[in-house]
Every structure is written in C-alpha cells, then in structure tokens.
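For reference, the chains in residue letters:
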Amino acid sequence: MKGVTIIIPCYKAGNYILDLYKSVAIQPIECPWEIIIVDDCSDDKETYAALNTIENDDNVIVKRLAKHRGTQFCRNTAIKLAKYDYILPLDADDCLNTNVDFDKFGTYMDNGVNILSKNQKVAFVHGLSMMFDKFNGFTISAYPVTVDLILQKHHAQTHIIYRKKDAIMAGAYDINIKKWQDWSFAVALLNARYIKGLKNEIAYLNVPYHLYRVHGKVPRLSNQP
C-alpha cells in the first residue's frame, strides 16, 4: 500500500519520544502514514507515561517487548508490522524539523515516497540533518552520499527512506551488529538490490528535514568505543 511507515525503537527515551511524536504529527503529510514504536522493555515511568499518551493517536501503534532485545530487533519488528510500502526509521531522541519555512518544499515523507514510487532505480532517499539541543549546527553527514562513498565507509544516516520490500530482501537489520548499524544496513540494502540486477541510485534532498539531538541523558551507539 502506497504510504510511509515511520519506525521508532524506544528504550528509556522519556519525553524525547513524545517530542519526536509531536514533530511528526504536526507535519502536513499528504500520503497515508503511520508510526510504529517498538518499546524495548523500558521500565521508567516517564517513558511509560509518554507512550500511553502517544498511543491514543489512531495513526500510532505501540508494540511493547517483554524482553530487552536491542535496537535492530525493534526495527525489524516494526518493519514486519508495517502496512505501507515505504519505511522511515527514526531514533526516539531525534525529531523532524517543524520549521514552517520548509513547508513549501513538501514533507520529507511525501518527497521520499514520490521519488521511490516513480523511480525504481533509486535505492533510498536521504536529506540534510541538523544537530540541536546541547549543540546546534549541521551534522558530519550533511552531504549527499553515493554508492561509492558508502562502500568507502562514509556515513549512512539512520533516517533514510527505503522500500519495505527491499529491506526484507536484504534480511532487514542485522541484530548481531552493535555499531555502525545504519551503515551496515545501507550496504546490505544496496547489495541485495545489486544481486537482483537493480540499479542503486541514491536521492538527496537538500533540506534539513531531520534534527539530531545532542544530549547526555542516554548513551548513543555512535558514541560507544
């Protein structure tokens, strides 16, 4: 079904997950959409209360795991539950840009779905990312990537928009990989398409649709040794 499913792993994210939800809900999205949050057995009251609030939205599904399984397992669980053809993964402590000045460009979700539905050569869509909270400015990944750059181990962003069927064909996210998860998934996605004889173009949107939160509340995988 043409539309976008936003998948969000959540573990002790507190009110950050509420901020993310609000930043999505306020977007003027034209295509059908849903949010699937997979809570990785959070046991703090703040996260529990935030998820209870979000769950009241008919566009939101909250899947609570009985055992802590990790980010990749949560993403894979959400992909299996997704009813739409296109996937946008987001981290629970990040946000989408709500600056109305960018509304004229259309939403990230609508642009991603339109590009992927019209051009089968495109493997995924990505755009600019800006840091906020404890630091403000563009992230180190604020540039268009190519297949060659990714194969040279350039950063692949978390928030790429891709086809659900391509993710399944690639085996989804590898739960055994603990770091550089986004890069490894992008490589697997590109490789699966290459094996099938599909083209691997990457579409870039020069708009800061994504906001990367800089904080010290919970450790990020990217900061681990």
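Every value quoted in this text rests on a predicted model; they were computed, and no experiment measured them.

Conventions adopted
- Counting from 1, residues in each chain are numbered in the order their sequence is written.
- This being a predicted model, a pLDDT of at least 70 is required before a residue's local features are given, and a value of 80 or more before pairs of side-chain atoms are given or counted; all residues contribute to the totals for chains, interfaces and linings.
- The basis for every side-chain value is the complete set of heavy atoms in the structure, and neither hydrogens nor water enter the calculation.
- Under the DSSP-based scheme used, a helix requires at least four consecutive residues in state H or I and a strand at least two consecutive residues in state E, with every element numbered from the N terminus.
- We compute the radius of gyration over the C-alpha atoms and compare it with the globule rule, which gives 2.2 Å times the number of residues raised to the power 0.38.
- Three exposure classes are used, based on accessible area relative to the maximum for each residue type with a 1.4 Å probe and protein chains only: buried under 20%, partly exposed in between, and exposed over 50%.
- Every residue pair with non-hydrogen atoms within 4.5 Å of one another is taken to be in contact.
- The Shrake-Rupley method, run with a 1.4 Å probe sphere, supplies the accessible areas, and residue values consider only the shown protein chains as cover.
- In this charge count, Lys and Arg are treated as positive and Asp and Glu as negative; neither His nor the chain ends contribute.
- Lys charges are placed at NZ, Arg charges at CZ, Asp charges at CG and Glu charges at CD.
- One side-chain nitrogen of Lys or Arg within 4 Å of one carboxyl oxygen of Asp or Glu is enough to make a salt bridge.
- Taking the helix axis as origin, the arc is that swept by the directions to the C-beta atoms.
- Each nonpolar core is a collection of buried residues, namely Ala, Val, Leu, Ile, Met, Phe, Trp, Tyr and Cys, held together in the definition by side-chain atoms within 4.5 Å.
- Throughout, disulfides are identified as pairs of cysteine sulfur atoms within 2.5 Å of each other.

Enquirer: Could you clarify how one ought to interpret the overall build of the protein in this entry?
Expert: For the protein, the helix and strand inventory stands at 7 helices and 9 strands. At 16 Å, the protein has a C-alpha radius of gyration in line with the 17 Å of a compact globule built from 225 residues. Its C-alpha atoms give the protein principal-axis dimensions of roughly 50 × 40 × 35 Å. Across the 225 residues of the protein, 52% fall into the buried class. Long-range pairs, those at least 24 residues apart, make up 82% of the contacts in the protein between residues at least 6 apart in sequence. For the protein, the computed accessible surface area is about 11200 Å², with 54% contributed by carbon and sulfur atoms. One way to put it: in the protein the 27 positive side-chain charges average out to a point 6 Å from where the 24 negative ones average out.

Enquirer: When you look at the pattern of salt bridges in this model, what are you seeing that I'm missing?
Expert: Opposite charge on two side chains allows them to pair when their charged atoms are near. Under the definition given, this model contains 7 salt bridges. The shortest N-O distance in the salt bridge between aspartate 19 and arginine 213 comes to 3.1 Å. Of the two residues, aspartate 19 sits in helix 1 (residues 16-25) while arginine 213 sits in strand 9 (residues 201-214), which places them 194 residues apart along the sequence. Judged by its relative accessible area of 6%, arginine 213 falls in the buried class. The shortest N-O distance in the salt bridge between arginine 75 and aspartate 182 comes to 3.4 Å. Of this pair, arginine 75 sits in helix 3 (residues 71-81) while aspartate 182 sits in helix 7 (residues 181-195), placing them 107 residues apart in sequence.

Enquirer: Would you take a moment to explain helix 2 (residues 45-54) for this structure?
Expert: Given 3.6 residues per helical turn, the α-helix brings residues three or four places apart onto the same face. Those residues of helix 2 not exposed but buried are Thr47, Ala50, Leu51 and Ile54. Angularly, the buried residues of helix 2 cover 95° about the axis, an arc narrow enough to put them on a single face. Residues of helix 2 that are exposed and point over 90 degrees away from its buried face: Lys45 and Tyr48. Where the residues of helix 2 are buried, they touch strand 1 (4-10), helix 1, strand 2 (33-39) and strand 3 (60-64).

Enquirer: I keep staring at unusual backbone geometry and nothing clicks. Help me out?
Expert: Excluding glycine, most residues fall at negative phi; most peptide bonds, likewise, are trans. With a phi close to 75°, lysine 153 is a non-glycine residue in the positive phi region. A positive phi is found at alanine 172, a non-glycine position, where the angle reads about 60°. Residue classification places alanine 172 among the buried positions, given a relative accessible area of 17%.

Enquirer: Which parts of the structure should I look at to understand the nonpolar core?
Expert: Burial of nonpolar side chains together is a common tendency in soluble globular proteins. The biggest cluster of nonpolar side chains holds 36 residues, and the ones touching the most others in it are Ile8, Ile17, Val24, Ile35 and Ile37. The residues touching isoleucine 37, leaving out its near neighbours within four places in the chain, are Ile8, Cys10, Ile17, Leu51, Ile54, Val60, Ile61, Val62 and Lys63. Among the nonpolar cores identified, the runner-up in size contains 23 residues, and Ile7, Ile36, Ile87 and Tyr162 belong to it.

Enquirer: Before we go on, may I ask you to explain the state of the cysteines in this structure?
Expert: A covalent bond between the sulfur atoms of two cysteines is what we call a disulfide. Counted according to the given criterion, the structure contains 0 disulfides. Of the cysteine sulfurs around cysteine 74, a residue in no disulfide, the closest is that of cysteine 10, at 8.5 Å. Summary of cysteine pairing: cysteine 95 is not part of a disulfide, and the nearest cysteine sulfur, belonging to cysteine 10, is at 13 Å.

Geometric values such as these leave the question of function open.
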